[in-house]
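A structural walkthrough
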Amino acid sequence: MPRPVKCRKVCHFPNVLEFLPADDTEKKMPIVLTVDEYETIRLLDKKGYSQEQCAESMQIARTTVQRIYEIARKKIADALIDGHPLKIEGGYFIICDGQSSDCSFGGCYKHEIYQKYAVKKGEGIMRIAVTYENGQIFQHFGHTETFKIYDVEEGKVLHSEVVDTNGSGHGALAGVLNALNADVLICGGIGGGAQTALAAAGIKLLGGVSGDADKAVEAFINDTLDYNPDVKCSNHEHNHWEGHTCGEHGCGSHSCH
């Protein structure tokens with residue numbers, strides 16, 4: 001019986017999920033890079049981490065990092081040299097929720113958010129997050145500088161507060177919402193990659209909403225919110241998602257099979 005695959009922690013979900021050759025005269029089968037393979041490339045080649053640091057960040061063994069990295073590099077080389085489309089999807093991973101104190105070696109803003117907000121959320125509370133700017137719903141998720149969060153119980157807002165994203169941007173924002181322990185996101189435009197990251201984190205998306213943030217939350221509570229289930233961001237193409245993630249809001253104590 002094969003050993004269960006341990007979930008790999010991903011701190012930054014990819015902003016772009018598909019890369020296509022400029023010359024499309026000869027269509028070739030796409031090469032699929034999994035999200036956890038992408039994360040090894042990001043940490044080792046972009047951030048300059050050692051394999052030991054990468055393993056610590058992803059919460060897996062160094063030998064596992066080495067194996068994933070070698071596979072990822074081979075896939076990228078094949079795509080570049082042979083002209084294959086490259087898609088990022090699937091894999092065994094969880095979106096970082098800031099719970100780990102050694103995340104990014106003590107420099108993870110999501111850990112600060114988790115300590116301040118997520119642990120304060122009580123039983124029976126629904127937490128709604130809204131992309132926020134000057135009282136209005138901010139229309140481009142990837143550039144959101146602040147979320148306004150609302151704690152709701154039995155149809156009433158108990159508490160609301162504006163939270164700075166610390167310039168996290170695009171791929172890290174789903175992790176910020178995960179660290180906030182948000183259940184629902186209300187926003188305007190949002191790209192396919194971000195939608196996938198939210199789904200992986202178990203956060204319900206209500207996109208295509210504009211206007212006053214407080215009124216939108218009130219409408220949601222009253223089940224009258226007008227939103228677009230097929231929302232797309234004008235700066236991104238919608239991407240379909242296939243693959244395995246490790247459950248809503250993280251793996252918990254189990255491994256993936």
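We now turn to the structure provided with this report. Starting afresh in each chain, residues are numbered from 1 along the sequence in its written order. Two thresholds apply to this predicted model, a pLDDT of at least 70 for residue-level local features and 80 or more for giving and counting side-chain atom pairs, whereas whole-chain, interface and lining totals are computed over all residues. The side-chain numbers reported here are obtained from all heavy atoms of the structure, hydrogens and water having been left aside.

Quick notes on the overall build of the protein chain
- Put simply, DSSP marks the helices as runs of H or I at least four residues long and the strands as runs of E at least two long, and each gets a number from the N terminus on. Within the protein chain, the regular secondary structure consists of seven helices and 11 strands.
- Taking the contacts inside the protein chain whose residues are at least 6 apart along the sequence as the reference set, 70% of them involve residues at least 24 apart.
- A total accessible area of about 13,200 Å² is found for the protein chain, and carbon and sulfur atoms account for 47% of it. We call two residues in contact when some of their heavy atoms are within 4.5 Å. We get accessible surface area from the Shrake-Rupley algorithm with a probe of 1.4 Å; when it comes to residues, only the shown protein chains can shield them.

Quick look at unusual backbone geometry
- Positive phi, close to 50°, is recorded for Glu154, a residue that is not glycine.
- Mapped onto the elements, Glu154 comes out in the loop between β8 (146–153) and β9 (156–164).
- Not every positive phi belongs to a glycine, and Asn181 is a case in point at roughly 60°.
- Locating Asn181 in the fold gives a position in the loop between α5 (173–179) and β10 (184–186).

With respect to the packing of aromatic side chains
- Aromatic pairing here means that ring centres of Phe, Tyr or Trp (its six-membered ring) are within 6.5 Å. Orientation follows from the plane angle: under 30 degrees is stacked, over 60 is edge-to-face, and everything else is tilted. Applying the stated criterion across every chain yields a total of two aromatic pairs.
- Here the aromatic rings of Phe13 and Phe93 are separated by 6.2 Å at their centres, their planes lie at 50°, and the arrangement is tilted. Residue Phe13 is found in the loop between β1 (8–10) and β2 (18–19), and its partner Phe93 is found in strand β5 (residues 93–95); the two are separated by 80 residues along the sequence.
- Here the aromatic rings of Phe141 and Phe147 are separated by 6.3 Å at their centres, their planes lie at 45°, and the arrangement is tilted. The same class applies to Phe141 and to Phe147, which are both buried. Per-residue accessibility, obtained with a 1.4 Å probe over protein chains only, is compared with the maximum for each type, and a residue is labelled buried under 20%, exposed over 50%, and partly exposed between these values.

Structural notes on the packing of helix α1 (residues 35–46) against helix α3 (residues 62–82)
- Here α1 crosses α3 at 95°, and the two axes come no closer than 9 Å. Classified by the angle their axes make, α1 and α3 are roughly perpendicular. Judged by residue contacts, Asp36, Glu37, Thr40, Ile41, Leu44 and Asp45 of α1 engage Val65, Ile68, Tyr69, Ile71, Ala72, Arg73, Lys75 and Ile76 from α3.
- For the contact of α1 with α3, a count of residues per class yields eight nonpolar, one polar and five charged. To obtain an axis, a line is fitted to C-alpha atoms, over the contacting stretch when the element is a helix, and the angle between two such axes runs from 0 to 180 degrees between their N-to-C directions. Angles below 35 degrees are treated as roughly parallel, those above 145 as roughly antiparallel, those between 65 and 115 as roughly perpendicular, and all remaining angles as oblique. Residue polarity follows a fixed list, in which Ala, Val, Leu, Ile, Met, Phe, Trp, Tyr, Cys and Pro are nonpolar, Asp, Glu, Lys and Arg are charged, and the others, Gly among them, are polar.

Considering the pattern of salt bridges
- Salt bridge, as used here: a side-chain nitrogen of Lys or Arg that lies within 4 Å of a carboxyl oxygen of Asp or Glu. Counting across every chain of the model gives nine salt bridges.
- Put simply, Asp45 and Arg73 hold a salt bridge, and the shortest N to O gap is 3.8 Å. Taken as a pair, Asp45 in helix α1 and Arg73 in helix α3 lie far apart in primary sequence, 28 residues in all.
- You can call Arg73 partly exposed: its relative accessible area is 43%.
- Residue Arg127 is joined to Asp151 by a salt bridge in which the shortest nitrogen-to-oxygen separation is 2.7 Å. Of this pair, Arg127 sits in strand β6 (residues 126–133) while Asp151 sits in strand β8, and the two are 24 residues apart along the sequence. Grouping residues by exposure puts Arg127 and Asp151 together as buried.

Observations concerning the environment of Ala79
- Along the chain, Ala79 falls in helix α3.
- Assessed through its relative accessible area of 8%, Ala79 is described here as buried.
- Separated by 58 residues in the primary sequence, Ala79 and Pro21 have C-alpha atoms spaced 9.0 Å apart.
- Those residues in contact with Ala79, other than ones at most four positions away along the chain, are Ile31, His84 and Leu86.

Geometric descriptors of this kind do not, in isolation, establish any biological role.
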